[in-house]
Amino acid sequence: DRYVDCMLKEGWHQDTYVEEYHRAFFDNRARGKALNKCGVDDVHIGGLAPVPALLAALDVIHESPADIDVEILVDHVSLTHRNHQVVKSTRALAAMLLAISGGTSLRDAIADHGGPWAKPSKLEAWARQADRLTVGRQLSSACYLPGSFTASLAIAWKYAEVGFSAGVLANAKIGGDNCHRGAVVGALLGAACDIEPHWIENLNTIKNIQSDMILGS
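My aim in this report is to walk through the structure given alongside it, one point at a time. All of these numbers come straight from a predicted model, not from anything done at the bench. (Residues numbered from 1 in each chain as written. Predicted model: local features only at pLDDT ≥ 70, side-chain atom pairs only at ≥ 80, totals over all residues. Heavy atoms only, no water.)

### Describing the overall build of the protein
In plain terms, the rule: Helix and strand labels come from DSSP, where a helix needs a run of H or I of at least four residues and a strand needs a run of E of at least two; each type is numbered from the N terminus. Burial classes: relative accessible area under 20% of the type maximum marks a residue as buried, over 50% as exposed, and values in between as partly exposed (1.4 Å probe, protein chains only). In what follows, residue pairs with any heavy atoms lying within 4.5 Å of each other are defined as contacts. Exposure was quantified through the Shrake-Rupley algorithm and a 1.4 Å probe, taking into account, for residues, occlusion by the shown protein chains and nothing else. Counted as positive: Lys and Arg. Counted as negative: Asp and Glu. His and the chain ends are not counted at all. Just so you know, the charge point we use is NZ for Lys, CZ for Arg, CG for Asp and CD for Glu.
Along the protein, the regular secondary structure elements total 12 helices and zero strands. In the protein, the succession of helices and strands from N to C terminus is α-α-α-α-α-α-α-α-α-α-α-α. By principal-axis analysis of the C-alpha atoms, the protein measures approximately 50 × 45 × 35 Å. Put simply, the protein has 217 residues, and 43% of those count as buried. Sequence separation of at least 24 residues holds for 65% of the intrachain contacts in the protein that already meet a minimum separation of 6. A total of about 12,100 Å² of accessible surface is found on the protein, and carbon and sulfur atoms cover 53% of it. Averaging the coordinates of the 20 positive side-chain charges in the protein and doing the same for the 25 negative ones gives two points 8 Å apart.

Quick look at the structure:
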């Protein structure tokens, strides 16, 4: 209900392009489908964009990451993306982020949970070559899963020991669907590496959190 309210509120978002799954969702809503049945068989990496935020929200209300039920994430993502590749990637991304939060290194987390998309030996080989040779020639830079998830893991693996800034900027320069791919890359690198303050200091959410902390104190 909140999703519908926000998307229909004038001025809530300033996007000049509305992702395909949004349009399909509201087409189904206009036909009278129940809200939890309006999602479509969408195989784009955009379905993974909310996963890190949902995981963070669940982390706030649970005593331990081990208490988090990943299937809650799957249920939520499936409200808009009813596709087995999105579901499979959602479980894997959540598992990686939870492992990192528990102290596992980024590369070990990818090795443990990213096997269906790329083995460590392949990721190592890709890390030794130019980014646009890996993503653009050998892997598609487009939005379609599973390839786009593989591309995200390749970038995160390569820059795991270089740093957050280098990784997200490299992803942006590759092009293609770098926004949604960047949501995955940024989440993995952000969970494992220090995020330089200039990336977050002017975000409205950070300002709201700081205000709440001041008022709470």
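### Observations regarding the pattern of salt bridges
Formally: The term salt bridge refers to a side-chain nitrogen of Lys or Arg lying within 4 Å of a carboxyl oxygen of Asp or Glu.
Tallying each qualifying case throughout the model produces four salt bridges. In this structure, Arg91 and Glu71 form a salt bridge, with 2.8 Å as the shortest nitrogen-oxygen distance. Of the two residues, Arg91 is situated in helix α5 (residues 84-101) and Glu71 in helix α4 (residues 70-77); the sequence distance between them amounts to 20 residues. Salt bridges sharing partners connect three or more residues here, namely Arg107, Glu124 and Glu161.

### Examining empty space enclosed by the protein
One simple way to see leftover space: roll a probe sized like a water molecule over the atoms. Worth spelling out the cut-off: Cavity and pocket criteria rest on a 1 Å grid covering protein atoms alone: a 1.4 Å probe that fits but cannot get out defines a cavity, protein on both sides within 12 Å along at least 5 of 7 lines defines an open pocket, and an atom within 4 Å of a point defines a lining residue. Grid points are joined across faces, edges and corners, and a volume is the space filled by probe spheres set on the points.
For the structure shown, the criterion picks out one cavity of 30 Å³ or more. By volume, the largest cavity amounts to about 50 Å³. Lining the largest cavity, in full, are Trp126, Ala127, Asp131, Thr134, Val135, Ala154, Ile155 and Lys158. Where the lining of the largest cavity is concerned, the elements lending two or more residues are α7 (120-127), α8 (131-134) and α9 (147-158).

### Quick look at the nonpolar core
This is how the line gets drawn: Among the buried residues, those of types Ala, Val, Leu, Ile, Met, Phe, Trp, Tyr and Cys that are joined through side-chain atoms within 4.5 Å form a nonpolar core.
Among the nonpolar cores identified, the biggest contains 50 residues, and Phe149 and Leu188 are the most heavily contacted of them. When residues of this core are traced back to their parent elements, those giving at least two are α3 (51-61), α4, α5, α6 (106-113), α7, α9, α10 (164-174) and α11 (178-192). Tallying contributions element by element places α5 first for this core, with nine residues. Apart from residues lying up to four places away in sequence, Phe149 is in contact with Ile45, Leu48, Ser89, Ala92, Leu93, Met96, Trp117 and Val184. Counting residues in each nonpolar core, the second largest holds five residues, with Val4, Met7, Phe25 and Phe26 among its members.

### Brief notes about α11
We count it as follows: A helix is expected to span 1.5 Å for every residue after the first.
In this model, α11 (15 residues) spans 20 Å end to end at C-alpha, consistent with the 21 Å of a helix rising 1.5 Å per residue. The set of residues buried in α11 consists of His180, Arg181, Gly182, Val184, Val185, Gly186, Ala187, Leu188 and Leu189.

### What to know about a positive patch on the surface
Applied cut-off: The patches described consist of residues with a relative accessible area above 30% and no salt bridge, like charges being joined within 9 Å and nonpolar side chains (Val, Leu, Ile, Met, Phe, Trp, Tyr) within 5 Å.
Taken together, the side chains of Arg31, Lys33, Lys37 and Arg82 define a basic patch exposed on the protein surface. Mapped onto the secondary structure, Arg82 falls in the loop between α4 and α5. The class for Arg82 is partly exposed, based on a relative accessible area of 40%.

### Regarding the environment of Asp75
Mapped onto the elements, Asp75 comes out in helix α4. Taking the relative accessible area as the measure of exposure, Asp75 reaches 53% and is therefore exposed. Between the C-alpha atoms of Asp75 and Asn36, which are 39 residues apart in sequence, the distance is 9.7 Å.

### Details of the environment of Arg29
Positionally, Arg29 belongs in helix α2 (residues 20-30). It is 45 Å that separates the C-alpha atoms of Arg29 and Glu161, two residues lying 132 residues apart in sequence. When near neighbours in sequence (up to four residues on either side) are disregarded, Arg29 contacts Val4, Leu8, Leu35 and Cys38.

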